Amino acid sequence: MALIVHKYGGTSMGSTERIRNVAKRVAKWVRAGHQLVVVPSAMSGETNRLLGLAKELSESPSARELDMIAATGEQVSSGLLAIALQAEGLESVSYAGWQVPIKTNSAFTKARIESIDDARVRADLDAGKVVVITGFQGVDPNGNVTTLGRGGSDTSAVAVAAALKAAECLIYTDVDGVYTTDPRVVPEARRMHSISFEEMLEMASLGSKVLQIRSVEFAGKYRVPLRVLSSFTPWDIPLDVEAKSGTLISFEEDEKMEQAVVSGIAFTRDEAKITVVGVPDTPGIAYQILGKVADANIDVDVIIQNVSHDGKTDFSFTVPRGDHARTMELLQSQVLPGLGAREVVGDTKICKVSIVGIGMRSHVGIASTMFKTLSDEGINIQMITTSEIKTSVVIDEKYLELAVRALHKAFGLDEVKA
Ligand code: ADP
Ligand code: ASP
Ligand code: MG
């Protein structure tokens, strides 16, 4: 008998029919003798719908109220799942984040989990109940409802698994595992049987939405065994087959792991580029520009500063697309006047494409293969950034699919059709 945490994403919870299926699957695990905690997302489309209502009333709704609204999606799906489990003949109880409680800081819309009290959940499990806990939400020190950022139910599930020292955390979703890239963009993408924790961390941080980055961080910190698998297999497939399906996030770089130099390609449309043009090339410039941006709590990602001509240079960086307007405004009003720069130019039609692989550590020439592939497709690279196990480029958004497909092929990731 083991304590297992299941997480079901929005599509998997998308209708009462699908919720019934989830309940049947969970019942199968319980009847095999396991203790189950289930963390559902809101029904698909619901979080967008709720946030959309707020946007109808205000262009900049308060973050606290957004969390108050968005958190209801998971409350509904959790209650529905508990009912479906009861209808399957199981004892079940659902809790909102604040009832557990899952304690977070007060960073509304992107709160971080600080601690989870496991007493109530453990008592229910010991009493033979299936415990359903809302994904995506928690409660701050002042009793306010908080949410963990989009895709945050993954993080809830892994954090709950860590707090309960669960034997495994299974992330059930609408694809059957982690692929070499998003299979919706590249149909030739291959599912990986396992992926190293480090690579998963990079893939998630570079935009692969199959797991929220913080869930991977949590899994690493607390060594939570983590697997991504499909919720769309028939619920009654044998449990031992299901338990080995999908993709394992592995902490060991064992020989069995696919030893490709580049193991995956990630991309994101969530960034925007900002260029400060004609900046005097003197000490302290980066700080004058980015210091203000950081003070406004805006995350900066890729940064480049060009070689100066006649003592003037251009300084470019990317920010989350949602913060683009705010950053532009801030630079215009607070930075430009004191800086003696010519102007600030923004570009929201960019994307970032990244190749990831621990094999890149020991291989040279990988980045140049990337640049050649893009050049052969006539795609202009606007920015480049590298680390030990990844290379990212910023390009025009309209070339996203083309770039990802070309790179997928160039690095030998396309599935070989038998
Ligand atoms: P859920 O609602 O279950 O949390 P998400 O939509 O958040 O599901 O994440 C699953 C989606 O992630 C898939 O449908 C797929 O389009 C996307 N995705 C992006 N990159 C990858 C990848 N490398 N492997 C698998 N899926 C990926
Ligand atoms: N419902 C939330 C979202 O849509 C959390 C999640 O699905 O993980 O972002
Ligand atoms: Mg998700």
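Read on for a plain summary of the structure. This one's a predicted model, so the numbers in the text were calculated from it and none came from an experiment.

Topic: the nonpolar core
For step 1, the next point in the chain: Within the largest apolar cluster, 43 residues are counted, with the highest numbers of intra-cluster contacts made by Val5, Val37, Ile133, Cys169 and Met200.
For step 2, the next point in the chain: Top contributing element to this core by residue count: helix H5 (residues 153-163), with six residues.
For step 3, the next point in the chain: Dropping the residues within four chain positions of it, isoleucine 133 is found in contact with Val37, Val38, Val39, Pro40, Ser78, Tyr95, Val100, Ile102, Val121 and Val160.

Structural notes on the sheet that holds strand S18 (residues 350-356)
For step 1, the next point in the chain: Taken together, the four strands give an open sheet; going across it, the order is S13-S18-S20-S19, and neighbouring strands pair in antiparallel fashion. One side of each edge strand has no neighbouring strand; the edge strands of this open sheet are strand S13 (264-268) and strand S19 (383-387). Averaged over all pairs of adjacent strands, the angle between strand axes in this sheet comes to 20°, irrespective of strand direction.
For step 2, the next point in the chain: Note: S18 against strand S20 (residues 390-396), seven bridges, orientation antiparallel. Residue pairing across strands places lysine 352 opposite valine 394, the latter belonging to S20.
For step 3, the next point in the chain: The sheet contacts of helix H12 (residues 400-410) involve S13, S18 and S20, and relative to S18 the element is tilted by about 10°.

A few points about the site of ligand 2
For step 1, the next point in the chain: In the vicinity of ligand 2, the contacting residues are Ser41, Thr47, Glu74, Phe136, Arg150, Gly151, Gly152 and Ser153.
For step 2, the next point in the chain: Within the contact set of ligand 2, an oxygen atom lies 2.7 Å away from a side-chain nitrogen or oxygen of arginine 150.
For step 3, the next point in the chain: The contact in question runs from an oxygen atom of ligand 2 to an N or O atom on the backbone of glycine 151, over 2.9 Å.
For step 4, the next point in the chain: In the complex, 86% of the free accessible area of ligand 2, which totals 260 Å², lies under the protein chains.
For step 5, the next point in the chain: Tallied by class, the residues present in the shell around ligand 2 amount to one nonpolar, five polar and two charged.

Observations regarding the environment of glycine 177
For step 1, the next point in the chain: Here glycine 177 lies in the loop between strand S9 (168-173) and strand S10 (194-196).
For step 2, the next point in the chain: On the basis of relative accessibility, which here comes to 2%, the residue glycine 177 falls in the buried class.

Section: the site of ligand 1
For step 1, the next point in the chain: Around ligand 1, a shell composed of 17 residues is seen, among which Thr173, Asp174, Tyr179, Asp182 and Arg184 lie nearest.
For step 2, the next point in the chain: In isolation ligand 1 offers 570 Å² of accessible surface; the protein chains occlude 84% of this area.
For step 3, the next point in the chain: Of the residues belonging to the shell around ligand 1, the class tally is six nonpolar, six polar and five charged.

Concerning the packing of helix H9 (residues 285-295) against helix H10 (residues 324-339)
For step 1, the next point in the chain: Interaxial distance between H9 and H10 falls to 10 Å at its minimum, and their mutual angle equals 145°. Between H9 and H10 the crossing geometry is right-handed. Across from Ile285, Gln288, Ile289, Lys292 and Val293 in H9, the residues of H10 making contact are Thr327, Leu330, Leu331, Gln334, Val335, Gly338 and Leu339.
For step 2, the next point in the chain: The class makeup of the residues in the contact of H9 with H10 is seven nonpolar, four polar and one charged.

Parameters at a glance
Residues numbered from 1 in each chain as written. Chains lettered and ligands numbered in written order. Predicted model: local features only at pLDDT ≥ 70, side-chain atom pairs only at ≥ 80, totals over all residues. Heavy atoms only, no water. Core = buried A, V, L, I, M, F, W, Y, C linked by side-chain atoms within 4.5 Å. Buried < 20%, exposed > 50% of the residue type's maximum accessible area, 1.4 Å probe, protein only. Helix = DSSP H or I, 4+ residues; strand = E, 2+ residues; numbered from the N terminus. Contact = heavy atoms within 4.5 Å. Pairing = 2+ DSSP bridges. Axes fitted to C-alpha atoms, helices over the stretch in contact; angles between N-to-C directions. Near = heavy atom within 4 Å. Polar contact = N/O pair within 3.5 Å; in protein donor to acceptor, adjacent residues only side chain to side chain. Areas by Shrake-Rupley, 256 points an atom, 1.4 Å probe, with all protein chains shown as cover. Nonpolar A, V, L, I, M, F, W, Y, C, P; charged D, E, K, R; others polar. Left-handed = near helix turned anticlockwise from the far one by under 90°.

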